[in-house]
Amino acid sequence: MNVAADSLHFTSPAKPSLSMGVIGNCGFSALIDARGRIVWCCLPRFDGDPVFNALLEPQPEQGETTMPGIQDSQSSAFAIEIEDFAEARQWYEPNTAVLRTQLFDKRGQGIEITDFAPRFFSRSRFFRPMTLVRRVKPIHGAPRIRVALDIRFDWGRRKPLVTQGSNHLRYVGDELTLRLNTDASLSHLLSKQPFVLTREHNFLLGADESLTDGIADTARLFEQETISYWKKWSQRLHIPLEWQEAVIRAAITLKLSLFEDTGAIVAAMTTSIPEAPGSQRNWDYRYCWLRDAFFVVRALNSLSEVGTMEDYLRWLSNVVVQSKGGHIQPLYGIGLERELPESIMVHLGGYRGMGPVRVGNQAQEHFQHDVYGNVVLGAAQSFHDHRLLHRAGLAEFKRLEDVGEQAVLNYDKPDAGMWELRTRARIHTSSALMCWAACDRLAKIALVLKLPERATYWQGHASVMQERMLREAWSEERQAFAESFGGRDLDASVLLMIEVGFIDPKDPRFIATVDALETHLCDGPYMRRYEAPDDFGKPETAFNICTFWRIDALARIGRKEQAREIFNTMLAARNHVGLLSEDTHPLTGEMWGNFPQTYSMVGIINAAVRLSTPWESQV
């Protein structure tokens, strides 16, 4: 039987969905679908070229041909398939970033695939090579499998030149060459010939470098050391009594979003997953937003994981110095790139055919004045925490004062707001709120540094801002804090007033605001960002972090049982391995938006910490 006839026994790839797991090592990441197929992986780092792009350019159906005039599909993936597929199971090795996938055929024969990116301490540093490790073994019977490794460069437009060694294949591109070291048959790999799996096989795909030890020995050692690293990392977390597995998974996912080389934290690992079906709200989130990064650091700090904060502060300090006391962008590239020009990859169809596929993000051009608060808030703990290896001091404070002066200058100026509206500028309440937070925290830092005059100076600015916000952001008509000074439209971001300590949660005005937001922005347990139409009309899906802000608000104002009910709904909205994207459709419950979304994973941690029964009640 020839290969073409054999392929009839292998099912078509699963339709693109967000039922995926993520692996990574704080240098790069990969997304693996529920059948063990790597459908997204950007190299050499998070914002790089997707060498596996099937998430945004689905592979043809079985037997389907490509369009006339196109030589072959521009889709790329790394699949390990079982003949006569019947069922799949997938889970994480507990408390690690190592993913297991089991595939079974119609006769009950099965295989297990182990996927991870090596990360462990070695030679006085964290070893995190640009390497994907895939290990596959039979677990029942003698199943037949097919390994289909399709690599593309230049966003799918270029096929690599493939060269062969004794136990490796090289995939040569203009800017990147990858090497696959394997103890499987190279002939079967090149021809995609099915073969009977009688023993374990290992696949190490990464930089074009030779291994220092045997393939199987290296894969086995990397797995053991990586599992050990993550288990020890998880063991040190200070977690709440309830929902421990959900919190640990969220924490690991946030850690995987760190680009350790510079300290940047990506908002998500994908680009162009629509916020809602066919909405064209498709954005590239593979960069570092100061807003999102602050919330990530704050959530991990609440679990006593301060290492990420220390890494992030390296990146943040460079942003502050680079700004020279002036405008700070809302986001930067993970290597501190200031310019992220937005373009469209017209040759790619997009997630489920819902383009456009965008690369870069125009929001880097925006003025979003909440950024100044996010900078100061992100750094504040480093002045107070005695556990840190490098506590912040007077020099860092003086730099942050320059940021505070920008907050004073801009808190009452129109901007694009935290939702990055592209065609509308207002004096957004959330932006003024974060500018207030910058001044408030600078005053507290000054007291720690024994600088009473500077504390008085910053507290004076904070008081002026607070008085004006309470007056001008309040809408008598709506009986709620509105999204802008003098406005009437409602916006979930005003719930951050209690997150940053701006107002007492029991203040009647805040309680009234929560009630108004529930009436006008909520679809059952889910909450949308705002009610006013934006550049693309009215939002259709719920924004997960807004739902979590609501949970926090309800708990603080005394409606804890309602908060717990909504939290359990959000936990049920996660995918099969405990991950969330940016948005949830309130009718279908389906996940939309870029994935995995750090904001959403932050919400899981914050809600669990807020709502959990205390440890002392049980132990």
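Structure: above.
The structure presented is a predicted model; accordingly, all values stated were derived computationally and were not measured. (Residues numbered from 1 in each chain as written. Predicted model: local features only at pLDDT ≥ 70, side-chain atom pairs only at ≥ 80, totals over all residues. Heavy atoms only, no water.)

Observations concerning the pairing of strand S17 (residues 201-207)
Consideration 1: By the criterion of burial, S17 is predominantly enclosed, with 6 of the 7 residues buried.
Consideration 2: Across 6 bridges, the pairing between strand S11 (residues 131-140) and S17 is antiparallel. If you follow valine 136 over to S17, its bridge partner there is histidine 201.
Consideration 3: Pairing geometry for strand S15 (residues 177-182) and S17, over 5 bridges, is antiparallel. What sits directly across from threonine 182, in S17, is phenylalanine 203. (Buried < 20%, exposed > 50% of the residue type's maximum accessible area, 1.4 Å probe, protein only. Helix = DSSP H or I, 4+ residues; strand = E, 2+ residues; numbered from the N terminus. Pairing = 2+ DSSP bridges.)

Observations regarding the side chain of histidine 168
Consideration 1: Along the chain, histidine 168 falls in strand S14 (residues 168-172).
Consideration 2: In this structure histidine 168 comes out as buried when scored by relative accessible area, which is 16%.
Consideration 3: In this structure the side chain of histidine 168 is engaged in a polar contact, spanning 3.4 Å, whose partner is the side chain of arginine 179.
Consideration 4: Ignoring anything within four residues of it in the chain, the contact list for histidine 168 reads Thr163, Arg179, Leu180, Asn181 and Leu186. (Polar contact = N/O pair within 3.5 Å; in protein donor to acceptor, adjacent residues only side chain to side chain. Contact = heavy atoms within 4.5 Å.)

Thoughts on the packing of helix H3 (residues 215-235) against helix H4 (residues 244-256)
Consideration 1: Direction vectors running N to C along H3 and H4 enclose 115°, while the axes themselves pass 11 Å from each other. As H3 runs across H4, the sense of the crossing is right-handed. Contacts from Tyr229, Trp230, Trp233 and Ser234 in H3 reach Ile248, Ala251, Ile252, Lys255 and Leu256 in H4.
Consideration 2: In terms of residue class, the contact of H3 with H4 is built from 7 nonpolar, 1 polar and 1 charged. (Axes fitted to C-alpha atoms, helices over the stretch in contact; angles between N-to-C directions. Left-handed = near helix turned anticlockwise from the far one by under 90°. Nonpolar A, V, L, I, M, F, W, Y, C, P; charged D, E, K, R; others polar.)

Let's talk about empty space enclosed by the protein
Consideration 1: In the structure shown here, the tally under the stated rule is 7 cavities of 30 Å³ or more.
Consideration 2: Approximately 150 Å³ is the volume found for the second largest cavity.
Consideration 3: Top contributing element to the lining of the second largest cavity by residue count: strand S5 (residues 77-82), with 4 residues.
Consideration 4: Its residues placed into classes, the lining of the second largest cavity shows 7 nonpolar, 2 polar and 4 charged. (1 Å grid on protein atoms, 1.4 Å probe; cavity = no way out; pocket = protein on both sides within 12 Å on 5 of 7 lines; lining within 4 Å. Points joined across faces, edges and corners; volume = space filled by probe spheres on them.)

Looking at unusual backbone geometry
Consideration 1: For the bond from leucine 43 to proline 44, the omega torsion is 10°, close enough to zero to count as cis.
Consideration 2: With respect to the helices, strands and loops of the structure, proline 44 is situated in the loop between strand S3 (38-43) and strand S4 (49-52).
Consideration 3: Here the amide bond leading from phenylalanine 595 into proline 596 is cis, since omega sits at -25°, within 30 degrees of zero.
Consideration 4: The phi torsion at arginine 123 lies on the positive side, around 55°, for a residue other than glycine.
Consideration 5: Summarising the element assignment, arginine 123 is placed in the loop between strand S9 (120-122) and strand S10 (125-127).
Consideration 6: A residue is classified by how much of its surface remains accessible, and arginine 123, at 75% relative accessible area, is exposed.
Consideration 7: We note that lysine 324 has phi near 55°; this positive angle belongs to a residue other than glycine.

Some words on the sheet that holds strand S29 (residues 583-584)
Consideration 1: Taken in spatial order, the 3 strands of this open sheet run S28-S29-S30, and their pairing is antiparallel. At either end of the open sheet lies a strand with only one pairing partner, and these are strand S28 (542-543) and strand S30 (591-592).
Consideration 2: In this structure, S29 lies alongside S30, joined through 2 bridges in antiparallel fashion. Bridging across to S30, aspartate 583 finds its partner in tryptophan 592.

Some remarks on the sheet that holds strand S8 (residues 110-116)
Consideration 1: In spatial order, the strands read S6-S7-S8-S11-S17-S15-S14-S13; together these 8 strands make up an open sheet with antiparallel pairing. For this open sheet the edge positions go to strand S6 (85-92) and strand S13 (161-164), each flanked by a neighbour on one side alone. Neighbour to neighbour, the strand axes of the sheet diverge by 15° on average, direction disregarded.
Consideration 2: In this sheet, S14 lies alongside S13 in antiparallel orientation, the contact comprising 4 bridges.

A look at the packing of H4 against helix H15 (residues 598-611)
Consideration 1: The geometry of H4 relative to H15 is characterised by a closest axis approach of 9 Å and an angle of 145° between their N-to-C directions. Once H4 is placed against H15, the crossing between them reads as left-handed. Residue-level inspection shows Ala246, Val247, Ala250, Ala251, Thr253 and Leu254 of H4 in contact with H15, the latter providing Thr598, Met601, Val602, Ile604, Ile605 and Ala608.
Consideration 2: Grouping the amino acids of the contact of H4 with H15 by side-chain chemistry returns 10 nonpolar, 2 polar and no charged.

Regarding the pairing of S3
Consideration 1: Within S3, 6 of the 6 residues are buried, which leaves it mostly tucked inside the rest of the structure.
Consideration 2: Hairpin remark: strand S2 (residues 29-33) followed by S3, antiparallel, with 4 residues in the connecting loop; positive phi at glycine 36, about 80°.
Consideration 3: Relative to S4, S3 is paired through 3 bridges, and the arrangement is antiparallel. Across the sheet, residue cysteine 41 finds its bridge partner in S4, namely phenylalanine 52.
Consideration 4: Hairpin connection of S3 to S4: 5 residues between the antiparallel strands.

Description of the nonpolar core
Side chains that are nonpolar tend, in soluble globular proteins, to be buried together.
Consideration 1: Among the nonpolar cores identified, the biggest contains 210 residues, and Phe52, Leu178, Leu290, Trp549 and Phe567 are the most heavily contacted of them.
Consideration 2: Considering each element in turn, this core owes the most residues, 12 residues, to helix H9 (residues 429-448).
Consideration 3: Look past the residues within four positions of tryptophan 549 in its chain and what remains in contact with it is Met418, Trp419, Ala492, Ser493, Leu495, Leu496 and Tyr599. (Core = buried A, V, L, I, M, F, W, Y, C linked by side-chain atoms within 4.5 Å.)

Everything listed here is a matter of geometry and, on its own, says nothing about what the molecule does.
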